[in-house]
Each structure stands twice: as structure tokens, then as C-alpha cells.
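Geometric and topological summary
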Amino acid sequence: MYAIFEDGSHQFRVSEGDRVIVDRRQGDAGTEVVFPKVLLIAGPEGANIGVPVIEGAQVHAKIVDQFRDKKIIVQKFRRRKNMRRRKGHRQHYTTVLITSIAATA
């Protein structure tokens, strides 16, 4: 059994026991997280496709880790204008462990 859910502007295909890296979520390790925007649930009996989401379906997960990605450098330059900008950025991410997929609330 697997599900496809949406978090922010990303879609994830998950099964129970999968680890997924999502955008930053508040909470410490062990905190329960619920993803309510489930787009599809599929199993051996067939698929249930939402229009656009499945009402009452949820994906439950547990926070495993909070971390920051490696630094990227954003650099802007305009020739002959004496304009140079250099800025660094590190994105925050959260690793979650999928605990269950509930078809109805």
C-alpha cells in the first residue's frame, strides 16, 4: 500500500516505514506530524484517486531529524555597472518517518 501526498509545492510517494525529507516543520525528534493533502492511495485492491484530494485521508509521520542543507552561493553581476552581490543560503529540512496511511479520519 502506498500514498501520494502534497506538502508545500512538492509531491511524495510513500509507504509505511519510508523516510522522506520535507521542508522544515516545527517540532523535535519524535513529534507526530500529519499530512492532510492526500492525492492518491493505492493498494492490492486498487487505487483511490482524489479530486483533487481524498476527503478524510491522512498520512501520519514522526520527525526523525532536523538539519540544514549545504551552503549555496547566490551571486549577481552586471557588467560595466560596478554591481556585484554575493549572498549565501542554507535551506532548513526535516526528515520524517512514515508511520501510517489512514484512508479515512
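The sections below set out a description of the structure shown in this document. (Residues numbered from 1 in each chain as written. Predicted model: local features only at pLDDT ≥ 70, side-chain atom pairs only at ≥ 80, totals over all residues. Heavy atoms only, no water.)

Next up on the list: the sheet that holds strand β5 (residues 38-43). Sheet strands pair by backbone hydrogen bonding; their relative direction is either parallel or antiparallel. A sheet is described by the order of its strands in space; here four strands give the open sequence β2-β1-β5-β6, paired in antiparallel fashion. Only two strands of the sheet have a single partner each, and these edge strands are β2 (10-14) and β6 (46-49). Each neighbouring strand pair of the sheet contributes to a mean axis angle of 15°, computed without reference to strand direction. (Pairing = 2+ DSSP bridges. Helix = DSSP H or I, 4+ residues; strand = E, 2+ residues; numbered from the N terminus. Axes fitted to C-alpha atoms, helices over the stretch in contact; angles between N-to-C directions.)

Now for the nonpolar core. By size, the foremost hydrophobic cluster in this structure holds 18 residues, and its most contacted members are V14, V20, F35, V38, I41, V59 and V96. Sorting the residues of this core by element identifies β1 (2-7), β2, β3 (19-23), β4 (32-35), β5, β7 (58-68) and β10 (92-102) as the ones contributing at least two each. The residues touching V20, leaving out its near neighbours within four places in the chain, are F12, V14, T94, T95, V96 and I98. (Core = buried A, V, L, I, M, F, W, Y, C linked by side-chain atoms within 4.5 Å. Buried < 20%, exposed > 50% of the residue type's maximum accessible area, 1.4 Å probe, protein only. Contact = heavy atoms within 4.5 Å.)

Here four strands make up an open sheet; going across it, the order is β3-β10-β7-β4 and the pairing antiparallel. Of all the strands in the sheet, the pair left with one neighbour each is β3 and β4. On average, adjacent strands in this sheet sit at an angle of 45° to one another, irrespective of strand direction. In terms of strand pairing, β3 meets β10 through five bridges, oriented antiparallel. Note on β10: the bridge partner recorded for D23 is Y93.

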